Structure formats: C-alpha cells, structure tokens
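Structural features, examined
In case you want the letters, here they are:
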Amino acid sequence: MATDETRYKRPARLIHWTMAILILAMIPVGVLMTQPDLNRSFQNSLYIFHKNVGVLLLLLILVRIVYRLTHKPAPLPADLPDWQHRIAGLSHLAIYALLFIMPVAGYIRVKAGGFPIESLDALGLPSLVMRSDALAEFAKMVHYFGSFAIAGLIAMHIAAALHHGIIRKDGVFSRMWPPFKGQTD
C-alpha cells in the first residue's frame, strides 16, 4: 500500500483520472464515428464530441506536462527490477508524447481539411494552419496510426497497473489510486 510519501499528489491523480476517463471515451467514439452507413446526425454529434474533447485533452496534457516538470513523480518501489523501471519510464514518455501528438494531429487534420472545431470557433480563435488537403491527409494518417499506438500503450499501462495491484501488491497501483485521497499539493 502506498503512503503519502510514495503516492502521487492529488492534482496529478485528478489530472490522470480525468484524462483516463476522457481518453477511454474517445477511443470508441473515434472508431464509431468513422463507420459507414451511420445516421448522419448521430455521426456529426460524434465528430463534434471527438474534436472538442480532443481540444480539452490537449489543454490537459499541457497542464500535466507542466505539472510533471515542476513536481517530482512518486518513487517506484525500491525492489522493482531495473528493467521495469526503464520500461515504466519509456512507456510513460511514449504515452505523454502520443497524448500531445494525437490532438495536434487531429487539430491539423480538421483545420487543414476546412472543418470547424466548434469550441475554438465559438471563442473566435483563428486557425493555426492553412487549408491544405495534402496536410490534412498527412495529419489524418498520423492520427490514424497514432490511435493504434496509443491504444496499445494504454492497454499495456492498464495491464501493468493491474499486475502491480492484483498480483504483486507492491503499492505501485495505489500510488495513483484513489484520485481523491491523500496529499493535496
């Protein structure tokens, strides 16, 4: 069981679990919205949800990166093998990178393709990219292949968390859970 010294602080846990819920909603929405023969009104609602939650996730990952750079992460157990330390570090780095790349690629795909992002448009924010079918297609490809990479990494992350929480019972899972209990700064 993690203690206040080995647990992530509450802001880190709240950002983590907020993003986890949003990302786990985005994956099936992203798959469903691209299905052929979907009711057009329903499909439009899914696209609107996906684009605007993507904007929120981009803001959250930027906050999360700043927080991570200014707050030392909770330590891993001392008895964790070195290879697991390295894999944990590399997988977290890859997840952070993809959590940034995915919404940026989505934004570029949408804006370069000439489509709206309703939340940003409502704020009167101009597009940061020019209209370009070639750029939109490239960003679409990055977003498409990135979706498989991030889904795989998230599955691996969840499997590792469950391994530590259920099998090893070494306190790794409880460093991030529960989101509301423990340290507050």
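All figures in this text were calculated on a predicted structure; none of them were measured in a lab. (Residues numbered from 1 in each chain as written. Predicted model: local features only at pLDDT ≥ 70, side-chain atom pairs only at ≥ 80, totals over all residues. Heavy atoms only, no water.)

Turning our eyes to something else, we now look at a nonpolar patch on the surface. Together, Leu 24, Ile 27, Val 31, Ile 158, Leu 162, Ile 166 and Ile 167 make up a nonpolar patch on the protein surface, roughly 640 Å² of accessible area in all. Mapped by element, the contributors of at least two residues to the nonpolar patch are helix H1 (10-32) and helix H5 (133-168). Looking at the nonpolar patch element by element, the count peaks at four residues for H5. Along the chain, Val 31 turns up in helix H1. (Patch = residues over 30% accessible without salt bridge, like charges linked within 9 Å, V, L, I, M, F, W, Y side chains within 5 Å. Areas by Shrake-Rupley, 256 points an atom, 1.4 Å probe, with all protein chains shown as cover. Salt bridge = Lys/Arg side-chain N within 4 Å of Asp/Glu carboxyl O. Helix = DSSP H or I, 4+ residues; strand = E, 2+ residues; numbered from the N terminus.)

So, about H5. For H5, spanning 36 residues, the distance from its first C-alpha to its last is 50 Å, which sits close to the expected 52 Å at 1.5 Å a residue. Along H5, the residues classified as buried are Ala 136, Ala 139, Gly 146, Ile 150, Leu 153, Ile 154 and His 164. For H5, the secondary structure elements touched by its buried residues are H1 and helix H3 (82-112). (Expected span 1.5 Å × (residues − 1). Buried < 20%, exposed > 50% of the residue type's maximum accessible area, 1.4 Å probe, protein only. Contact = heavy atoms within 4.5 Å.)

On to the environment of Leu 99, then. With respect to the secondary-structure elements, Leu 99 resides in helix H3. Residue Leu 99 is classed as buried on the basis of its relative accessible area of 8%. When sequence neighbours within four positions are dropped, the list of residues in contact with Leu 99 reads Met 19, Ile 23, Ile 61 and Ile 150.

In short, the description is geometric, and any link to function would need to be established separately.
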